[in-house]
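Structural characterization, general
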Amino acid sequence: MNNTKVEFIEKDQYTIAKVTGDIDAYHSADVKKDIREKMLATEKAKFVIDLSEVNYIDSAGLGSLVAILKDARLNNKELALLSPKQSVMRVFEMTRLDKVFHIISSLEEL
């Protein structure tokens, strides 16, 4: 069984949500809930979702990330996706969501 989890790292200017595992139909609701709660609870205007340890994302996972992005915009927060693997990036490109999300390869790009 996949151990999908989200860990939060607080920095001076931003909060990082480090996701490990797959963001799929089985896990996306929990990932969305954890990230939304933390994003809405923090005072920081910048929020980063680290996807470097995510091997697979499906349509449910994409839907969760879109919902998080919507929440971020409604709450005047800047959301960035950090270092998606090539397989995950390909899904963003195929769905053209790479044009919707701010995708960065390092924290220096914030």
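Thresholds applied
- Residues numbered from 1 in each chain as written.
- Predicted model: local features only at pLDDT ≥ 70, side-chain atom pairs only at ≥ 80, totals over all residues.
- Heavy atoms only, no water.
- Buried < 20%, exposed > 50% of the residue type's maximum accessible area, 1.4 Å probe, protein only.
- Helix = DSSP H or I, 4+ residues; strand = E, 2+ residues; numbered from the N terminus.
- Arc of directions from axis to C-beta.
- Contact = heavy atoms within 4.5 Å.
- Core = buried A, V, L, I, M, F, W, Y, C linked by side-chain atoms within 4.5 Å.
- Pairing = 2+ DSSP bridges.
- Axes fitted to C-alpha atoms, helices over the stretch in contact; angles between N-to-C directions.
- UniProt positions renumbered as here; feature names shortened; annotations may be inferred.

**Overview of helix H3 (residues 86-94)**
Of the positions making up H3, those classed as buried are Val-88, Met-89, Val-91 and Phe-92. Looking straight down H3, one finds that the buried residues subtend no more than 155° of arc, so they occupy a single side. Exposed residues lying more than 90 degrees from the buried face of H3 are Gln-86 and Met-94. Close packing links the buried residues of H3 with strand S3 (46-53), helix H2 (59-74), strand S4 (78-82) and strand S5 (102-104). The positive-phi residue at the C-terminal boundary of H3 is Arg-96, with phi of around 65°.

**Things to note about the nonpolar core**
Val-19, Ile-35, Ile-49, Ile-57, Leu-79, Phe-92 and Phe-101 are the most contacted members of the largest nonpolar core, which has 24 residues in total. The greatest single-element share of this core, amounting to five residues, is contributed by H2. Counting six residues, the second-largest nonpolar core is a separate cluster that includes Tyr-14, Val-48, Leu-82 and Ile-104.

**Considerations on the sheet that holds strand S1 (residues 5-10)**
Strand pairing in a sheet is mediated by backbone hydrogen bonds. Such pairs are either parallel or antiparallel. Across the sheet, which stays open at both edges, the five strands sit in the order S1-S2-S3-S4-S5 with mixed pairing between neighbours. Lying at the two open borders of the sheet, with one neighbouring strand each, are S1 and S5. Within this sheet the neighbouring strands show an average axis-to-axis angle of 25°, counted without direction. As paired elements, S4 and S5 share three bridges and run parallel to each other. Of the residues in S5, the one forming a bridge with Leu-82 is Ile-104. Sitting on the sheet, helix H1 (residues 28-41) is in contact with S1, strand S2 (14-20) and S3, with an inclination near 20° to S1.

**Structural notes on the UniProt feature "domain: STAS" (unreviewed entry) in the protein**
With numbering aligned to this structure, UniProt lists the feature "domain: STAS" (unreviewed entry) at residues 4-110. Each end of residues 4-110 is marked by a C-alpha atom, and these two atoms are 26 Å apart; helix forms 36% of the span and strand 27%.

**With respect to unusual backbone geometry**
Residue Ser-83 is not a glycine yet carries a positive backbone phi of 50°. Assignment of secondary structure puts Ser-83 in the loop between S4 and H3. For Ser-83, a relative accessible area of 24% translates into the label partly exposed. Located in the positive-phi region is Arg-96, a residue other than glycine, with phi close to 65°. As for its placement among the helices and strands, Arg-96 is situated in the loop between H3 and S5. Residue Arg-96 is classed as exposed on the basis of its relative accessible area, which comes to 62%.

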